[in-house]
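# Chains, contacts and geometry: an overview
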Amino acid sequence: MGRGRIRKKQMSSDSDSEGSSLPPKNKKSKQSIPSDEDDDDEMVVEASTSAASRKRANKNSTSNFYRKTCENPSNELTVQSPFSRCGKIISIRLRNFMCHSNLYIEFGPNINFLVGSNGSGKSAVITALALGLAGSARATSRASSIQKLIKNGETNATIELTLCNTGLRPFKPEIFGPQITVVRHIRQSSSTYEMKDAHKRSVYKKLEEIRRMCLFFGISVENPIFVLNQEASREFLKDLEPASNYKLLMKATQLDRCAISLTQCHEQRERYSYDLDMLKMKKDRLEHLCNEEEDKLRILKNKETIKVQLKEANTMLAWLKVNRIQADLTKMEHTLQIIEKKNADLSQKTTQKNLTQDTFSQQLQKCEETKQQIQEKYQAQDAKLRAAKRIVQDCLYQFSSIRAGIKNVEKRLKEEQTTFDGCQKHMKNYHADYSEVKRLRELNNATLATLKEKVEESNNLISRLRNEQNDIKNRIPATKERVEFVKNEISKLQNTEQNLQWEMDSLLRNKSNKMSVYGENAMKVAIALKAQYSGSNAHHMPRGPIGMYITVPNSKYRDLIENQLAHCLRSYIVSTDKDRISLRALLQKSYSSGMPTIVTSAFTSRVYDVSKYRVQARAPNTMVLMDLIRCDDPVVMNYLIDTMRIETVLVTDSKETAELLTSNTENVPHNLSRVLVPNLKLEYCPSPNYAVYSIHVAAARYIQVNVDDRIQQLKAEQSSLQERGAIMQPQYIEAKRMLDIDLQEINKKKELINAHHSENTRAMQKIMDIENFEYRELPALDVLETHLNSSREKMEKCKQEREQFEEQLRDINERKTKAEEDVTIEQSAIDNLNKKASSVETEAQELQNKMRDLDRNYEENQRRYNQTNELMQSMLKSKRELQSDLEKARKDAQKVGDYIETNKTEERILDKISNYKAKMKHFESMNIVSEEVERKLASLRDNLKAHSDNLGHILNIVEKLRIAYHTRAQRFQRSRFHFFTMVQFQFKQALVCRQFEGDLEPNHREKTLDISVYPPSGNKTSNTRSLSGGERSFTTVSLLKGLWSTSDHPFYFLDEYDVFTDEVNRTFITKLLIQEGLDYQNRQYCFLTPQDTKVDANHLITVHKLEAPEH
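Here goes a summary of the coordinates provided. What you see is a predicted model, and the numbers here were worked out from it, not measured in a lab.

In terms of helices and strands, the chain carries 23 helices and 21 strands. For the chain, with 1111 residues in total, the buried portion stands at 39%. The long-range share in the chain, meaning contacts at least 24 apart out of those at least 6 apart in sequence, stands at 77%.

This brings us to the pattern of salt bridges. With the rule as written, the count across this model stands at 32 salt bridges. For Glu-801, the salt bridge is made with Arg-412, and the minimal N-O distance between the two is 2.8 Å. Taken together, the residues Glu-801 in helix 19 (residues 781-896) and Arg-412 in helix 10 (residues 353-428) connect sequence positions 389 residues apart. On the basis of relative accessible area, Glu-801 is assigned to the partly exposed category, the value being 23%. Taken together, the shared-partner salt bridges connect Arg-85, Lys-1041, Asp-1048, Glu-1076 and Arg-1083 into one network.

Reading across from one edge, 12-13-14-15-16 is the order of the five strands in this open sheet, with mixed pairing throughout. Both outer strands of the open sheet, strand 12 (622-624) and strand 16 (691-694), are each paired with one neighbouring strand and no more. Strand after strand, the sheet turns through a mean of 25 degrees between neighbouring axes, direction not considered. By the bridge criterion, three bridges tie strand 14 (residues 674-677) to strand 15 (residues 682-685) in an arrangement that is antiparallel. Within strand 15, the residue paired with Val-677 across the bridge is Leu-682. On the sheet, helix 17 (residues 655-663) packs against strand 12, strand 13 (649-652), strand 14 and strand 15 and is oriented at approximately 20 degrees with respect to strand 15.

This brings us to helix 16 (residues 634-644). Among the 11 residues in helix 16, nine count as buried, and that is most of the element. Those residues of helix 16 lying buried are Pro-634, Val-635, Val-636, Met-637, Asn-638, Tyr-639, Leu-640, Ile-641 and Met-644. Buried residues along helix 16 sit against helix 13 (558-564), strand 10 (572-574), strand 11 (598-600), helix 15 (625-628), strand 13 and strand 14. Its side-chain oxygen at 2.8 Å from the backbone nitrogen of Val-635, Asp-633 defines the N-terminal cap of helix 16.

Reading guide: rules and limits
- Residues numbered from 1 in each chain as written.
- Predicted model: local features only at pLDDT ≥ 70, side-chain atom pairs only at ≥ 80, totals over all residues.
- Heavy atoms only, no water.
- Helix = DSSP H or I, 4+ residues; strand = E, 2+ residues; numbered from the N terminus.
- Buried < 20%, exposed > 50% of the residue type's maximum accessible area, 1.4 Å probe, protein only.
- Contact = heavy atoms within 4.5 Å.
- Salt bridge = Lys/Arg side-chain N within 4 Å of Asp/Glu carboxyl O.
- Pairing = 2+ DSSP bridges.
- Axes fitted to C-alpha atoms, helices over the stretch in contact; angles between N-to-C directions.
- Polar contact = N/O pair within 3.5 Å; in protein donor to acceptor, adjacent residues only side chain to side chain.

Coordinates in, geometry out; function isn't part of it.
Spelled out as structure tokens, the structure:
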């Protein structure tokens, strides 16, 4: 059912002829680029089934091309034949490869669909393509070695690929011609390559030539965007992880190779830097050797110079001593001058105390007299200021009083004017107003009686409705409690039933494993522990679950013992904290919830000797709990002894025996902690804390439980739970129905109460409005006339009073202004007096402080004077001694030599003297030949010059390499930004086809690429895991389309692109991929799908259908 020819047959004893494998020759013809609107209308039709139909399709397309060219002159441009590009796959032949015995496929030049059900060998084609073009078997994810891909029962396999070698850049056309055939022979021991020309003649048999051809054509079969196999496609469609996305984009754009090259360059540069450091160290050593030889030469040639230098150093040392003593003497003289000056000051202070104190007393007396004069002037001025302020206050009081009188007069005038105007208005409308007031009174009284009756009826109705509503509300809590109780019980039953089903499934899957009763997680943990503690470390393996180590020989007591040990049967015992941490990590990894507990206890090889602490079973039919338990592992048995004290517990079937042993202190056996009566499910605590408790004894589910019995037990429990659920479901429905009815009744009552309440509110508002209505009072006519005349007289009197008050107000304002001017003048004079008084006070305070300081410091000055005098005498004596030492040192220095000025320290001069003496001694002790030293020095200088020149040349080269590295790194970053931007743009353009929104967010530091996709449904998400299978496949194809736009390749093979899609998404994605092929006709596309596709085969589209291989 395909356009391409697919041949499948069994291998015969006779080899196939060379001519049988030759593909048909390509017919070159001019082809038009189909328009977008034709693609959408003619996409899904039946594929042609024969070569004749293919020829008809080519003829029809040619006639359509000429017709369109005549109708639209813009279509005059023609496209070169798509097969005229180097690197396209013309055909592939597989012999004994994977599931194929003999498969031949002739690919179309542009778009190919390879359709076949699972197991038909589609993935074998894409695997053969990768292996045939120098790919590795491990990279295909199909096998760890290529020999495992040979068909079962065969000893060898062959992959034969025919590639186009016509186009812009053919590979050695003079040797191979228009086609190149690559053959890979696979044997059990090895595999070989062979390259043939267009006439099937063998040309090369080296792998390097095939890689050179792939590099020449730009073929990269290990790049997943060019050849995306089944495993990579499924993993990519499933995960879309940011790190994988980033790695894919880097590999697709071959930026990963650039990054690896840059990293290698950086590492090489680090190695060169280390080598340079070693060369610099070598240069330093040569320089040091040269300096040593030069020193030797200088010693040989300058022996007398060293002697002179030694003498000069001794002279400098002697004069340096003279300079040091002279400096000390100068410092001492300077210090003496300071002390003498200070001594003179102290002497003056002690001798002139009385004179200074009299002077301060006279100045203080003058200050007091001045203060007294200022105080007298201040008091007189203050009296004047207070008189002026009293005048101002009186004026302000009179002013405010008159203003209040004016306001009172104006108020009375306004009131009388209002009364006058009202009397005039009432006199005009007297008769009409009286009739209107009477009518309103009668109307309001009738309305008020009606409204009160209506309010009383509504209140009675509201009271009745509220009583009914409260009765229903009182029933609701009980109903809700019943509904919640039944609902919770049903939920518990469902959860319990589900847990029982999970446990049964686990038991059925692991029926042969005794540990299956503890769950699959426990079995996984056991396997991991055995692997971790294998060999000599096995005795340190944690013990658990503890129930696996416990058996009960007497089945009668199995249920009792399991219930007594229930809390620890699933637990684990470890010996060290390290093992506990390791086991906890393992349990957290295996258990999502309900993780078993871990107990840390020392591992011992023997069970504890509990004979001293064991209770004795002297009564008949009485046993110790420890005797009923059988445990071969001493670690587990010791744990039960430590935690459960099983050696102190008695078990009996007689209630009387239990009461006898526990009720009376005299009868309690030694070391007894409790007595268990399993048949009555009772537990007795011995006296003096005598007590009886009931215990729960459920059927055992861990200790010595048979898997089949446990499954039957679970099924019985499940059936019981289902029966209870079936009984409780109608109860829940009935209780829920009653609750809904009560709630509806409450809402109805509430609505009626609110309606009546609203009516009452409106009626009460109307009643209040009527009762508060104010009727106009209508006085008698003669009273109005009397009020009118009285108001007129009062108005005239008020106007006269206002004029009098205004005249008094003007007089008061004049007096107030004059008094304020006097206050300002007097206040200014007082401020001046305050300033003078403050100045005199400050001066007097300073004089008093000086007098106090004079008395306080007299004794201190006297003491300091005596001390300085003693110090001065001591320093004069030291000065005379220094002068004597200076004279002696100067005479000694003159004997050594004349004065030599130097700025060197004494330590440095002594070091030089020691160095000179050592050199002289060394020179005298060694026998050095001058000619040998000069010859060795010349050789070292030549080596140093050559090494320095070489080092400088290398440094220059390294610096150029560093600049080139940084330049390329910047170019790499710009290229990376460019490629990522192109992919992002093409990705968004592809998403727009389905009204999707999305974005690519690269993080180059973390090396991640986050894909955010927003479907048109409005359920926006940035997590691709939440997308459906179709949306995920569409996102993947959109990303691949963006990646294809950044990297050109002769062919693109995509396996199972629609594995997670439905029919609608598959059709849309197929259209998108076909449009990609039509847009880039110089490329070859092959899409592998297990789904049957309906695509119209034409001169650009080829459909291949694979049948299930014959076995």
